[in-house]
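Chain residues, written in single-letter form:
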Amino acid sequence: MKNEKYIPALSYDLLTPFYDTAVRLTTREKIFKKALVEQAKIKAGHRVLDLACGTGTLTVLIKNAQPQAEVIGIDGDAKILEIAKTKAKESGVEIGFDEGMSFDLPYENESFDRVVSSLFFHHLTRGNKLKTLREVKRILKPNGEFHVADWGLPTNLLMKGSSYLIQLLDGSETTADSFNGLLPKLMTDAGFEAVEETNLFNSLFGTIRLHQSRKP
Ligand SMILES: C[S@@+](CC[C@H](N)C(=O)[O-])C[C@H]1O[C@@H](n2cnc3c(N)ncnc32)[C@H](O)[C@@H]1O
């Protein structure tokens, strides 16, 4: 059964245990997540949120890249957070994990230096994308930065064809904005500045694009 509140990592709860293997084998995960962490330029003392952290792979990478940062992962799915907690424990890093929805974040205004997110925005309806972007803006400090990796405009016909499986799995309504390349515009509409595409990676199921933006 599909969940009413959030789309699970591989769309169906039963597939969640296979998520890490699927992503590792199909998305060039190591390379694009490393690039995302590097572009975020996280400094000692920063407070960093991994939005919709899933199994916590990116969250652990962030903490390993900057052990002096406070790192928190949030996700709407309590079950996937258990996988993330185990991963953090096995990696020997201290990370806070919270259960919560992206469009109603349980954090104070202006309380994070960085928000980072990967393979997530294509799970949201247009309305929830905008609500989520406003929430990210609310919790970021002035000049705080938002760094995102997600499916984007395919670079060629082959990438366009490959992306159909993601559309089939996660639903064409939520994925359309991503594959139509609308994320930068939505960030600008939500009030972010210096919105910029920073990198792209072609993978087995389409083109993953990296973006960054700043809260004024
Ligand atoms: C494809 S997974 C990506 C996980 C991880 N960020 C990664 O890069 O591997 C998408 C995640 O978004 C979570 N999710 C979906 N909608 C959400 C929402 N509105 N708020 C919080 N988490 C959500 C799902 O539970 C899932 O863990």
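A.B. asks: Mind laying out the site of the ligand, listing which residues take part and the relevant values?
C.D. replies: In the vicinity of the ligand there are 21 residues, among which Y19, A52, D75, S102 and S118 approach most closely. Y19 is positioned with one of its side-chain polar atoms (N or O) 2.7 Å from an oxygen atom of the ligand. At a separation of 2.8 Å, a nitrogen atom of the ligand approaches a polar backbone atom of A52. If you map the ligand onto the pockets, it falls in the largest pocket. Partitioned by chemical class, the residues of the shell around the ligand number 12 nonpolar, six polar and three charged.

A.B. asks: How would you summarise unusual backbone geometry if you had to cite specific residues and measurements?
C.D. replies: Backbone geometry at R28 places phi at a positive 55°, although glycine is not the residue there. Along the chain, the position of R28 falls in the loop between helix 1 (19-26) and helix 2 (29-40). Phi angles above zero are rare outside glycine, and E110 is one such case at about 50°.

A.B. asks: Got a sec to walk through the nonpolar core? Specific residues and values, please.
C.D. replies: Residues F32, I62, V116, L119, I208 and L210 are the most contacted members of the largest nonpolar core, which totals 25 residues. Within the residue set of this core, elements represented by two or more residues are helix 1, helix 2, helix 3 (57-65), strand 5 (140-151) and strand 7 (206-214). Tallying contributions element by element places helix 2 first for this core, with five residues. Membership of the second largest hydrophobic core comes to 23 residues, among which are L130, L133, I139 and L183.

A.B. asks: Could you give an account of the side chain of D150, with specific residues and numbers?
C.D. replies: Residue position: D150 is located in strand 5. With no salt bridge to any partner, buried D150 finds its closest opposite charge in K129, at an N-O distance of 7.0 Å. Among the polar contacts listed, one links the side chain of D150 to the side chain of H122, at a separation of 2.8 Å. Other than its neighbours up to four places away in sequence, D150 contacts L119, F120, F121, H122, S178, T207, I208 and R209.

A.B. asks: Can you tell me about the environment of Y6, naming the residues and giving the values?
C.D. replies: With respect to the helices and strands, the residue Y6 is situated in the segment before helix 1. Residue classification places Y6 among the buried residues on the basis of a relative accessible area of 13%. Each C-alpha atom of the pair Y6 and P184 lies 22 Å from the other, and the pair is 178 residues apart in sequence. With sequence-adjacent residues up to four places away left out, Y6 is seen in contact with G76, D77, K79 and M101. Among the polar contacts made by the side chain of Y6, one reaches the side chain of D77 at a distance of 3.4 Å.

A.B. asks: Tell me about helix 8 (residues 172-179), residues and numbers included.
C.D. replies: Of all the positions in helix 8, only T174, T175, D177, S178 and F179 are classed as buried. Turning to helix 8, the residues buried within the fold contact helix 5 (126-139), strand 5, helix 7 (164-170) and helix 9 (183-189).

A.B. asks: Tell me about the sheet that holds strand 2 (residues 70-75), and please be specific about residues and values.
C.D. replies: Spatial ordering of the open sheet is given by 3-2-1-4-5-7-6, a layout of seven strands whose pairing is mixed. Each edge of the open sheet is held by one strand with a lone partner, namely strand 3 (96-99) and strand 6 (193-203). The sheet shows a mean angle of 15° between the axes of neighbouring strands, taken without regard to direction. Bridge count for strand 1 (residues 47-51) against strand 4 (residues 112-118) is four bridges, and the pairing is parallel. Looking at the pairing, V48 lines up with R114 of strand 4. Together, strand 1, strand 2, strand 3 and strand 4 form the strand contacts of helix 3, whose direction differs from that of strand 2 by roughly 175°.

Calculation notes
Residues numbered from 1 in each chain as written. Predicted model: local features only at pLDDT ≥ 70, side-chain atom pairs only at ≥ 80, totals over all residues. Heavy atoms only, no water. Near = heavy atom within 4 Å. Polar contact = N/O pair within 3.5 Å; in protein donor to acceptor, adjacent residues only side chain to side chain. 1 Å grid on protein atoms, 1.4 Å probe; cavity = no way out; pocket = protein on both sides within 12 Å on 5 of 7 lines; lining within 4 Å. Sits in = over half its atoms within 2 Å of the grid points. Nonpolar A, V, L, I, M, F, W, Y, C, P; charged D, E, K, R; others polar. Helix = DSSP H or I, 4+ residues; strand = E, 2+ residues; numbered from the N terminus. Core = buried A, V, L, I, M, F, W, Y, C linked by side-chain atoms within 4.5 Å. Buried < 20%, exposed > 50% of the residue type's maximum accessible area, 1.4 Å probe, protein only. Lys, Arg positive; Asp, Glu negative; His and termini not counted. Salt bridge = Lys/Arg side-chain N within 4 Å of Asp/Glu carboxyl O. Contact = heavy atoms within 4.5 Å. Pairing = 2+ DSSP bridges. Axes fitted to C-alpha atoms, helices over the stretch in contact; angles between N-to-C directions.

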